[in-house]
Every structure is written in C-alpha cells, then in structure tokens.
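# Coordinates in review
Spelled out, the chains give:
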Amino acid sequence: MACGRALRSAACAAQAVEASLQLYDTQRAPSPRRVRIFIAEKGLPMPTLVPVDLTRLEQRDGAFRSVNPWMTTPVMVLDDGLAISETMAICRYLEALHPDPPLLGTTPHAIATIEMWTRRLEFGLYTRVAQCFRHTHPAMAEREIPQVPAWGEANRGHALVEMRRIEAQLADGRPFICGDHFSAADIIGGVALEFAKVPKIALPEDCPHTAAWLARLQSRPSWSA
Ligand SMILES: N[C@@H](CCC(=O)N[C@@H](CS)C(=O)NCC(=O)O)C(=O)O
C-alpha cells in the first residue's frame, strides 16, 4: 500500500513499521531484552534483529556509532531512517502505533502510575544494578573506565533498598506492580531483578511477594523473547 504523506497516520505507519523495522540487539543484554519482551507482549512480529556483540566492543565500531553515537543497544531504525535509541523511547513509539494491548496506560491515572513506576524501577533498581555490575565485574574493566569498585558497592546497597520498596508495593497481593494489569513497569522491574543476579545482588529472603511477582512474569510467554 502506498502511504505517501499519510505515513504520519498511525495505521499507515504501523504497516510500514512491521515491514521494515530493524532492531540493533544484543541477545544477552537487559535493555534490548526489555524491547523484545515489549514487542512480544504486543503480539507484533519481531523486527529484523541486527546483532551487536558488546563483548567484542562492536558498539564502538564506526558503523554502529553512526547509528547511535551513544554506543548502546537497543536501537530501532525505521524505514525513513530515524534511529530511536533508549528503550523507553522505542516502547513509546510502538505503543503509539499499536495501542492494544496497552502497556503504558490509557487513563490519566494509569499513565501517571505506570510512568512513576517505570522511572522508579529504571533509576532506582535497574540503574543501580547496572552500576554495580559495571563497577565491580572484572569483565567490565575494559568497558567501564575508570572502574570504581566502591561506587559499585554503594549501588549494591541502593538496589537492596529498592527491592524492599518493591516488596512493600506488592504486599497487598496485587499481581503486577501497578495493580491488576501487566505493564511496561513490570518488564523493567522483572528484567532488573534477573539482571541483579549477575553482580550477585540476591533478592532478600524477606521479599516473598517480589519473588512471586518475578515468577509470575517469568511464566509469561513473552519472557523468553
Ligand atoms: N538508557 C539506555 C541504556 C542502554 C544500555 O546501556 N545498553 C547497554 C546494554 S544493556 C549497552 O549497550 N552497553 C554498551 C556498553 O556497555 O559499552 C536504554 O534504556 O536503552
């Protein structure tokens, strides 16, 4: 179908996206995984995956840097050439094109709640875990310069504080972090908890609701994306 100027309309853009999306991806890295889970939850076909091997520092190659000067995955490239980096920016783009099922909320109340938890989980947990990993793991010494182990250890403590905050949120028995419905906030939280195992930040034993939440997320078909 020739979309022409109407490419800006959501329906037309959706067709173009599914036909031609490219996703620069790193299979074992948590941020690209969040995007793959989001796409699977939407029931969308997986875009063409372009592998970027971070262990071989392919993110620093000139070819990739011209796609994303920030040298990180994921990056989604549209057929008009727009390269979207930042996980949540990619998710927002996909949500705008494919509103169902909603993963970022539809009512002002839900949109605000999901945004609040997405940011809490991204900055309060995921980033803390990532900083702990980057500043304490020997495999990261070449990528994180300077590597500051004391900063990594400080973040380990902050991540544990955040895990207990999550536990408090889930203590009323709600199935998902924002209530009855699965959302993008669950994706970031669940992936962050799994990622925490790499720098050996164990979920405290007094967080049973959080453990059950993670198990619930892991049982979803999208989780293997
Ligand atoms: N804020 C970015 C973070 C992306 C990011 O840090 N990606 C990691 C993989 S999970 C990466 O590419 N790291 C490159 C490196 O370590 O050199 C997002 O949400 O997409």
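Our subject is the structure that appears above.
Keep in mind that what you see is a predicted model, and the values were worked out from it rather than measured.

As a structural note, the neighbourhood of the ligand is formed by 17 residues, with Gln59, Thr73, Glu86, Thr87 and Arg143 the closest of them. Interatomic distance of 2.8 Å between a side-chain N/O atom of Arg143 and an oxygen atom of the ligand. Burial of the ligand by the protein amounts to 84% of the accessible area it has alone, namely 510 Å². Applying the majority rule of atoms within 2 Å of the grid points places the ligand in the largest pocket. Per-element tally for the shell around the ligand: the top contributor is helix α2 (residues 30-42), with 4 residues.

To find the voids left in a structure, one rolls a probe of water-molecule size over its atoms. The tally for this structure, following the rule as stated, stands at 2 cavities of 30 Å³ or more. Arg34, Phe38, Thr87, Met88, Cys91, Ala184, Ile187 and Ile188 are the residues that line the second largest cavity. Listed by contribution, the elements that provide at least two residues to the lining of the second largest cavity are α2, α4 (87-97) and α7 (184-195). Broken down by class, the residue content of the lining of the second largest cavity amounts to 6 nonpolar, 1 polar and 1 charged.

To continue, consider the packing of aromatic side chains. Considering all chains together, one arrives at 4 aromatic pairs under this definition. When the ring of Tyr24 is compared with that of Phe64, the centres are 5.6 Å apart and the planes differ by 55°; the resulting orientation is tilted. Taken together, the residues span a long stretch of sequence, with Tyr24 in strand β1 (residues 22-25) and Phe64 in helix α3 (residues 62-67) at a distance of 40 residues. The exposure classification of Tyr24 matches that of Phe64, with both residues buried. Where Phe133 meets Phe195, the ring centres are 5.6 Å apart and the plane angle is 70°; that geometry is what we call edge-to-face. Of the two residues, Phe133 is situated in helix α5 (residues 108-136) and Phe195 in helix α7; the sequence distance between them amounts to 62 residues. Using a relative accessible area of 15% as the deciding quantity, one classes Phe133 as buried.

To continue, consider the nonpolar core. Side chains that are nonpolar tend, in soluble globular proteins, to be buried together. Of all hydrophobic cores here, the largest spans 47 residues; its most connected members are Phe38, Met76, Leu94, Leu125 and Ile177. Elements with a minimum of two residues in this core: α2, α4, α5, α6 (149-170), α7 and α8 (208-218). When residues in this core are grouped by element, the largest group, 9 residues, is from α5. With residues near it in sequence (within four places) discarded, Leu94 still touches Leu21, Phe38, Ile39, Leu44 and Met76. With 8 residues, the next largest nonpolar core counts Tyr24, Ala29, Leu54 and Val77 among its residues.

Across all of its chains, the model carries 12 salt bridges by this definition. Linking Asp172 and Arg174 is a salt bridge whose minimum nitrogen-to-oxygen distance equals 3.0 Å. Residue classification places Arg174 among the partly exposed residues on the basis of a relative accessible area of 21%. Because the salt bridges share partners, they merge into one network encompassing Arg92, Glu115 and Arg119.

Conventions we followed
- Every residue gets a number counted from 1 within its own chain, in the order that chain's sequence is written.
- A pLDDT threshold of at least 70 governs which residues receive local features in this predicted model, and a stricter bar of 80 or more applies before side-chain atom pairs are shown or counted, although totals over entire chains, interfaces and linings include all residues.
- Each side-chain value is worked out from all heavy atoms of the structure, with water and hydrogens disregarded.
- For this purpose, a residue is taken to be near a molecule or strand whenever a single non-hydrogen atom of the residue falls within 4 Å of it.
- Polar contact is the term for a pair of N or O atoms within 3.5 Å; when the atoms are in protein, one must be able to donate a hydrogen and the other to accept it, and sequence-neighboring residues count only if both atoms are side-chain atoms.
- The method behind every accessible area is Shrake-Rupley, applied with a 1.4 Å probe, and residues are considered shielded solely by the protein chains displayed.
- Grid points spaced at 1 Å and placed over the protein atoms alone form the basis of the search, with a cavity being a set where a 1.4 Å probe fits but cannot get out and a pocket an open set showing protein on both sides within 12 Å along at least five of seven lines. Lining residues have an atom within 4 Å of a point.
- Assignment to a cavity or pocket requires that more than half of a molecule's atoms be within 2 Å of the site's grid points.
- The numbering of helices and of strands both runs from the N terminus, where a helix is a DSSP run of H or I of at least 4 residues and a strand a run of E of at least 2.
- Grid points are joined across faces, edges and corners, and a volume is the space filled by probe spheres set on the points.
- Residue classes follow a fixed rule: Ala, Val, Leu, Ile, Met, Phe, Trp, Tyr, Cys and Pro count as nonpolar, while Asp, Glu, Lys and Arg count as charged, and any other residue, Gly among them, counts as polar.
- Stacked, edge-to-face and tilted are the three classes for Phe, Tyr and Trp ring pairs, Trp counted by its six-membered ring, which pair at centre distances within 6.5 Å; planes under 30 degrees apart are stacked, over 60 edge-to-face, the rest tilted.
- For every residue, the accessible area obtained with a 1.4 Å probe (protein chains only) is divided by the maximum for its type, and the residue is called buried under 20%, exposed over 50%, and partly exposed between those limits.
- The criterion is simple. A nonpolar core is a set of buried Ala, Val, Leu, Ile, Met, Phe, Trp, Tyr and Cys residues joined through side-chain atoms within 4.5 Å.
- Residues count as neighbours in contact if any of their non-hydrogen atoms are within 4.5 Å of one another.
- Salt bridges are defined as contacts in which a side-chain nitrogen from Lys or Arg sits within 4 Å of a carboxyl oxygen from Asp or Glu.

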